[in-house]
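# What the coordinates show
Residue strings, one per chain:
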There are 2 protein chains.
Amino acid sequence: MLQDQQYLRIPGPTPIPPSVERAMAKPMVGHRASVTDDLLKKIQPGLRKVFGTDQDVLIVAGSGTAGLEAAAVNTVRRGEEAIVIVSGSFGARFEKICLAHGIIVHRYETEWGEAFEPEVVRGMLEEHPGVKAVFSTYCETSTGVVNPVAELARVVREVSDALIIADGVSIIGGVEAKMDEWGLDVLVTGSQKAMMLPPGLMFAAVSDRAWNVIEANPDRGFYLDLVQYRDSIRENTTPFTPAVSLLYGLDQALTLLEEEGIAEVAARHELMRDMIRAAFRAHGIPLLTSDEAGSPTVTAVRPDDFDAEGFRSLIHREFGLAVASGQGKLEGKIFRVGHMGYCSPGDVLQMIALFELGIARAGKQIETGKGVAAAQRVYLQKGEQTK
Amino acid sequence: MLQDQQYLRIPGPTPIPPSVERAMAKPMVGHRASVTDDLLKKIQPGLRKVFGTDQDVLIVAGSGTAGLEAAAVNTVRRGEEAIVIVSGSFGARFEKICLAHGIIVHRYETEWGEAFEPEVVRGMLEEHPGVKAVFSTYCETSTGVVNPVAELARVVREVSDALIIADGVSIIGGVEAKMDEWGLDVLVTGSQKAMMLPPGLMFAAVSDRAWNVIEANPDRGFYLDLVQYRDSIRENTTPFTPAVSLLYGLDQALTLLEEEGIAEVAARHELMRDMIRAAFRAHGIPLLTSDEAGSPTVTAVRPDDFDAEGFRSLIHREFGLAVASGQGKLEGKIFRVGHMGYCSPGDVLQMIALFELGIARAGKQIETGKGVAAAQRVYLQKGEQTK
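Residues numbered from 1 in each chain as written. Chains lettered and ligands numbered in written order. Predicted model: local features only at pLDDT ≥ 70, side-chain atom pairs only at ≥ 80, totals over all residues.

## Some words on the overall build of chain A
Selection rule: The helix and strand labels rest on DSSP assignments: H or I over at least four residues marks a helix, E over at least two residues marks a strand, and numbering proceeds from the N terminus. The size measure is the radius of gyration over C-alpha atoms, and the globule rule it meets is 2.2 Å times the number of residues to the 0.38 power. Counts of 20 or more other C-beta atoms within 10 Å of a residue's own C-beta define buried residues, counts of 12 or fewer define exposed ones, and intermediate counts define partly exposed ones; C-beta atoms are placed from the backbone. Each residue is represented by a C-beta atom placed from its backbone, and any two residues with such atoms within 7 Å are regarded as in contact.
Regarding its fold elements, chain A presents 14 helices and 14 strands. On C-alpha atoms alone, chain A measures out to a radius of gyration of 21 Å, which is about the 21 Å that the 2.2 N^0.38 rule sets for 387 residues. Overall size of chain A, expressed as C-alpha extent along the three principal axes, is 60 × 55 × 40 Å. For chain A, the residues scored as buried account for 55% of the 387 residues in total. Taking all contacts inside chain A whose residues are at least 6 apart in sequence as the whole, residues at least 24 apart take part in 72%.

## Some thoughts on the sheet that holds strand β13 (residues 324–325) of chain B
All names here are of chain B. Keep this limit in mind: Strand pairing is assigned whenever DSSP detects at least two bridges linking the two strands.
If you walk across this open sheet you meet the three strands as β11-β14-β13, and the pairing is antiparallel. Lying at the two open borders of the sheet, with one neighbouring strand each, are β11 (298–301) and β13. Two strands pair when backbone bridges link them, and β11 and strand β14 (residues 335–338) are joined in this way by four bridges, in the antiparallel orientation. Residue pairing for β14: Ala300 is matched across the bridge by Arg336.

## Regarding unusual backbone geometry
For the bond running from Gly12(A) to Pro13(A), omega is -5°, close enough to zero to count as cis. Tracing the backbone through its elements, the reader meets Pro13(A) in the loop between β1 (7–8) and α1 (18–24). At Met196(B), a position not held by glycine, the phi torsion is positive, near 65°. With respect to the helices and strands, Met196(B) occurs in the loop between β9 (186–190) and β10 (201–206). Positive phi, normally seen in glycine, also occurs at Asn236(B), with a value near 55°. Tracing the backbone shows Asn236(B) in the loop between α9 (226–233) and α10 (244–260). By the C-beta count within 10 Å, which is 16 here, Asn236(B) ends up partly exposed.

## Some details on the interface of chain B and chain A
Cut-off, in case you're wondering: Only Asp, Glu, Lys and Arg are considered charged, only Ala, Val, Leu, Ile, Met, Phe, Trp, Tyr, Cys and Pro nonpolar, and every remaining residue, Gly among them, polar.
Listed as interface residues are 36 residues of chain B and, on the opposing side, 36 residues of chain A. Those elements that place two or more of their residues in the side of chain B that touches chain A are α1 (18–24), α10, α12 (308–319), α13 (345–361) and α14 (370–382) of chain B. At nine residues, the largest contribution of residues to the side of chain B that touches chain A is made by α13(B). Along the lines of polarity and charge, the residues of the side of chain B that touches chain A split into 17 nonpolar, 11 polar and eight charged.

## Quick look at the relation of the copies chain B and chain A
Test applied: Superposition of the copies used a least-squares fit over C-alpha atoms from residues whose pLDDT is at least 70 in both.
Overlaying chain B with chain A gives an RMSD of 0.0 Å, the required rotation being 180° about an axis along which the chain moves by 0.0 Å. As the rotation angle and translation indicate, the two copies are arranged about a two-fold axis. The position closest to the rotation axis in chain B is occupied by the C-alpha of Gln350(B), lying 2.3 Å away. A high fraction, 100%, of the interface residues of chain B reappear at the interface in chain A, so the copies pair face to face through one surface.

## Points about the nonpolar core
Grouped burial of nonpolar side chains is what soluble globular proteins tend to show. Heads up, the rule is: Buried Ala, Val, Leu, Ile, Met, Phe, Trp, Tyr and Cys residues whose C-beta atoms connect them within 7 Å together make up a nonpolar core.
Of all hydrophobic cores here, the largest spans 266 residues; its most connected members are Val134(A), Ala204(A), Ala375(A), Val134(B), Ala204(B) and Ala375(B). Among all residues touching Ala204(A), those that are not within four sequence positions of it are Leu58(A), Val60(A), Gly67(A), Ala70(A), Ala71(A), Val186(A), Val188(A) and Leu226(A).

## Thoughts on the pairing of β14(B)
On any regular strand, side chains alternate: one points to one face of the sheet, the next to the other face. Residue and element names in this part refer to chain B. Burial along β14 is two-sided: the face carrying Phe335 and Val337 and the face carrying Arg336 and Gly338 are both buried. In the sheet, β13 pairs with β14 via two bridges, with the strands oriented antiparallel. Bridge pairing in β14 links Ala324 to Arg336.

## With respect to the domain arrangement of chain A
Residues and elements named next belong to chain A. Applied cut-off: Residue ranges assigned to each domain were obtained from an automatic or database domain assignment.
Examined at the domain level, chain A breaks down into domain 1 (7–14 + 261–382) and domain 2 (18–258). Using only C-alpha atoms to locate each centre, domain 1 and domain 2 end up separated by 27 Å. With 27 residues of domain 1 in contact, the opposing surface of domain 2 contributes 29 residues. Among the secondary structure elements, those contributing two or more residues to the side of domain 1 that touches domain 2 are α11 (262–282) and β11 (298–301). The biggest single contributor to the side of domain 1 that touches domain 2 is α11, with five residues. Within the side of domain 1 that touches domain 2, the residues separate by chemical class into 14 nonpolar, 11 polar and two charged.

## Points about the environment of Tyr229(A)
Mapped onto the elements, Tyr229(A) comes out in helix α9 (residues 226–233). Expressed as a C-alpha distance, the spacing of Tyr229(A) and Ala204(A), which sit 25 residues apart in the sequence, is 9.7 Å.

## Side note on the pairing of strand β8 (residues 163–167) of chain B
All names here are of chain B. For β8, the buried fraction is high: five of the five residues fall into the buried class. Residues Leu163, Ile165 and Asp167 point to one face of β8 and Ile164 and Ala166 to the other, with burial holding for every one of them. In this sheet, β8 lies alongside strand β5 (residues 131–137) in parallel orientation, the contact comprising five bridges. Its bridge partner being in β8, Ser136 is matched across the sheet by Ala166. Relative to β9, β8 runs parallel, the two being bridged by three bridges.

Here it is in structure tokens:
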């Protein structure tokens, strides 16, 4: 195998488009130079579109977890109550963050692989009227579940003043998010998933009512104090040194999203999800989630007659094709396929063809080509024909 | 469609491996600095392996055509006779070059899409005993034919002292060439095909008996005078300014070929050829060449019930997948698929899946997936299993 031939299809980090790589290779500039201010100013409208918000989108040098922690420490004080919805590893991370900051957690854990039910949260809020925030995971990367965050926001707002906080790490950039319309109060994401960038940036947007809560909170820490980022971005700058190369890359990634159109990007991701699901279904290989809960960006497969880990290792060795293992309680039981960001329907057909070869190589009887054909049928039915 | 998503599957230029791109992005250095001498010295053993020769491989800043012209003007003088075998556009180019330099051409044109027959050349040499050189095309890029150059060399050497000259542009780097063993006198190639580099370099190797002829030739021109390149490369330098970035890239491309192994690289190309041929055959779509004459690097398809040009345009528009049109007398009648260099069996499966979608989109009844399955069967039978 040619050593450079690698297909990175884990649910993040994801491959970087060549034009984004080129943008990141620009010469370094001073982070307080006007060129950096201009870049931050140029980036803002595109980021707002991706989030579906009129608020400023704050840019922080840090990973997605920094975003989760910022969401928690800015909105909820030590000793206050929060509901944390755990539908997988990243929901569990929200809980750990809250506990690390002395927040009282009311935990709602779903079956892993299932979406949460907003009505359960309604009941919990009625039981715990002092809850200040509800922490949710928009796309649970560990299970491939897309959760109904818009519906959650509607339900929470009906019965409580609790803020609705969503971790959008593995989905923002791959869906048509409407933060303002849906009533989300804090939405955070990372750079290394559907945003088509390397890891190293997190983005956060905050509603007016959440800003009121945050401003009144005297204990927001320092590096992750979102007020500092808000006040700085209004001046087209950042409170601390920004990751300049990643900003150049972000500018180009937003240009790519803009050129394709956010709605078209979302449609591409849904199409890729439907193709990949149809392929595994054609072979009778179980998917972890229902169609309704299936994320447009990541799909978890739970094989019942071949070993997930052996398969992962085989396709990586033989084709340079990397997919992810299960996490937490799903470790060793599933494999997870990323189909987000710099990924096309053609790339999905390629992975399916290689999955089939890998399954055949692993010794399972399989009618190769059948999954590709199923995915091709989905494409021909749903894929938009280019004029 | 995401604008960066482009699949370049024309028979050259071909995609550049990321590690080669990174190598070419190294800072510029002086072409007479010792770092450039070291680079030229380091490159030489790898290039010799690719050519299958103990001779120095000369490196010239120029396109493949510069290589064809160098082969002609160095070995044959104005007014001397040569046989030119024309099995497509690039054979025809050799003829034009010879005529431009006042060489008397005895032309042997095959049916385009068929390989030449060395026995025909034997007959021509018997008829024209004054012939100084036989010009042949190893892989005819315009038809996807691989010609029997080793057999040609054997036959020519049996009946004549004529030099055997081969254009290896679209195949060297994708086969296990054995220039010395086969008895080729001049073998030239370009950088932008199976060598996995951008266009801009041509390579030439010359046998001892050809050097004798060349040295005795008083009229070798200047820029393409191969003696100058030979004398320079012995000092690890070049007579004129070399394309330094391409040399950095070449060093890395040779490293990739070395890591994979030249025999393994050749086997990968044969496998890709067999997969793509099986796919079109499964659909009953005619190939231009016989299996025996089919090149491991480029395949020409001659559809009989859909329009080649409309199909090419459709798959480029809808999938960003570029294949080449026909040239010369095959214009509009065929399309040509490059499967060389930075290309894997997985990439071949991807193109087949997209070809099927394109044919379906073009309105032809086609059982999508059938060609992919046929190619997958070839892979499972012939593809070497990675331990």
